[in-house]
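Here is what each chain is made of, one letter per residue.
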Amino acid sequence: MYQPRRPHHSTFVPIRHLRYHVHTWGTPQPGRPPLVMLHGWMDVGASWQFVVDALAHDRQVLAPDWRGFGRTESPPTDSYWFADYLADLDMLIDHWSADGPVDLVAHSMGGNVAMLYAGVRPARVRRLVNLEGFGMPATQPDAAPERHARWIDEIKALGRGELALKTYESADGVARRLMKTNPRLDADKAAWLAQHWAQPVATPDGGEGWRILGDAAHKIVNPQLYRVEEALAHYARIAAPVLSVEAADNAMERWWQGRYTLPEYHARLRSVPDCRSVQVADAGHMLHHDQPERVAALIEDFLR
């Protein structure tokens, strides 16, 4: 199993009636802001361990588990609203860095949150590294009735237990699932991640299984349409320099089947006042797992 070079510490912070779990590394350093790392959908803060281990210099690093993921509590809800992540992040930053800005590194869904947040609170972000937080395909207003109907139908399906996350027979089963999703993931890293991505639970037959640490309600579609114009208004207000990092093995065409493309994303980035882009070779969407040393070097170079 992978052995961390910089083991993390766990702490819990009260945020908006939830007990928020935050992974921490390093110690505060005068004149240097905290580095806050935000994970993606169906992931956990521990996912940043490989990048943290590859950093050349020690610094304070914080990686929360988003609400309903990892060891952070799930709210008493049957669906999630994207704006809640913005408020959660704002209060987490207030807790750890009340008097100054932070550096943000964020992946996928976390990258989408970070890009919006940096427009909502420009003064709270010094620099931002966005790893494949592409946003979503544009939607049209006439899609709203169907979207709301789908949201209601999926809430009903959740109540019937039809959206429950799979329980695996062992941590090895979780690790195999992680490697199936990402063939580039080494077995030793998968075995380590499995211990943080899932936990043992009793099964109805009296045995033990491993349950994914994620609320199944995250699978329910957001009833609110994705409005590109609103996202671009946020982008335009970003004061921090932004580094957009993409994997060479880009999955956007597979995800969206022509409804949203990489050139469209690049066009959106032109709304960001100070933005540059870079590509990581031999990496897929989980590029912080595939090439942690390269990602760490890009982060440290940009955050100087």
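Residues numbered from 1 in each chain as written. Predicted model: local features only at pLDDT ≥ 70, side-chain atom pairs only at ≥ 80, totals over all residues. Heavy atoms only, no water.

## Structural notes on helix H6 (residues 187–197)
One turn of the α-helix equals 3.6 residues, which is why residues spaced by three or four share an orientation. Test applied: Note on exposure labels: buried denotes an accessible area under 20% of the residue type's maximum, exposed denotes more than 50%, and partly exposed covers the range between, all computed with a 1.4 Å probe on protein chains only. Counting from the N terminus, the helices are the DSSP runs of H or I reaching at least four residues and the strands are the DSSP runs of E reaching at least two. Only heavy atoms matter for contacts: two residues are in contact if any of them lie within 4.5 Å across the pair.
Among the residues of H6, those classed as buried are Lys189, Ala190, Ala191, Trp192, Leu193, Ala194 and Trp197. Its buried side turned inward, H6 meets helix H1 (49–54), helix H5 (171–181), strand S8 (198–202), strand S9 (208–212), helix H10 (287–290) and helix H11 (292–302).

## So, the packing of helix H2 (residues 82–96) against helix H3 (residues 109–120)
The condition is simple: Throughout, an axis means a line fitted to C-alpha atoms (over the contacting stretch in the case of helices), and angles, computed between N-to-C directions, take values from 0 to 180 degrees. Should an angle fall under 35 degrees it is taken as roughly parallel, and over 145 as roughly antiparallel, whereas 65 to 115 is taken as roughly perpendicular and any remaining angle as oblique. Helix crossings get a hand from a simple test, with the near helix turned counterclockwise from the far one by less than a right angle marking a left-handed crossing and a clockwise turn marking a right-handed one. Any residue that is not Ala, Val, Leu, Ile, Met, Phe, Trp, Tyr, Cys, Pro, Asp, Glu, Lys or Arg is counted as polar, Gly included; the first ten are nonpolar and the last four charged.
At a minimum axis separation of 10 Å, H2 and H3 run at an interaxial angle of 70°. Classified by the angle their axes make, H2 and H3 are roughly perpendicular. Considering the relative orientation of H2 and H3, their crossing is right-handed. In contact with Phe82, Tyr85, Leu86, Leu89, Asp90 and Ile93 of H2, H3 contributes Met109, Asn112, Val113, Leu116, Tyr117 and Val120. Per-class residue counts for the contact of H2 with H3 are 10 nonpolar, one polar and one charged.

## Comments concerning the environment of Ile152
Among the secondary structure elements, Ile152 is positioned in helix H4 (residues 144–159). By relative accessible area, Ile152 is classed as partly exposed at 40%.

## Observations regarding the sheet that holds strand S7 (residues 167–168)
Operational definition: The rule for pairing is simple: two strands pair if DSSP sees at least two bridges between them.
Taken together, the three strands give an open sheet; going across it, the order is S7-S9-S8, and neighbouring strands pair in antiparallel fashion. Where the open sheet ends on each side, the last strands, each with one partner, are S7 and S8. Taken together, the five bridges between S8 and S9 define a ladder with antiparallel strand orientation. In the sheet register, Gln199 faces S9, and the bridge partner there is Arg211.

## Here we look at the sheet that holds strand S5 (residues 102–107)
Strands in a sheet are paired, the pairing made by backbone hydrogen bonds, and the direction either parallel or antiparallel. If you walk across this open sheet you meet the eight strands as S1-S2-S4-S3-S5-S6-S10-S11, and the pairing is mixed. The open sheet is flanked by strand S1 (9–15) and strand S11 (275–280), the only strands paired with a single partner. Across the sheet, the axes of successive neighbouring strands diverge by a mean angle of 25°, strand direction being ignored. Across two bridges, the pairing between strand S3 (residues 35–38) and strand S4 (residues 61–64) is parallel.

## Quick look at the nonpolar core
For soluble globular proteins, nonpolar side chains are generally found buried alongside one another. Our working rule: To qualify as a nonpolar core, a set must consist of buried Ala, Val, Leu, Ile, Met, Phe, Trp, Tyr and Cys residues joined through side-chain atoms within 4.5 Å.
Judged by nonpolar contacts, the single largest core of 61 residues is most densely connected at Trp66, Leu89, Leu104 and Val174. Of the residues forming this core, the biggest block, seven residues, is contributed by H3. Val174 has contacts with Tyr168, Ala194, Trp197, Ala198, Trp210 and Ile212, leaving out every residue within four places of it along the chain. Core analysis: the next-biggest nonpolar cluster, separate from the first, contains 24 residues, Ala247, Val280, Ala296 and Leu298 among them.

## A short note on unusual backbone geometry
If you check the backbone angles, Met42 has positive phi at about 55° while not being a glycine. Tracing the chain through its elements places Met42 in the loop between S3 and H1. With a phi angle near 55°, Ser108 is a residue other than glycine that sits in the positive phi range. For Ser108, the location among the structural elements is in the loop between S5 and H3. Taking the relative accessible area as the measure of exposure, Ser108 reaches 16% and is therefore buried.

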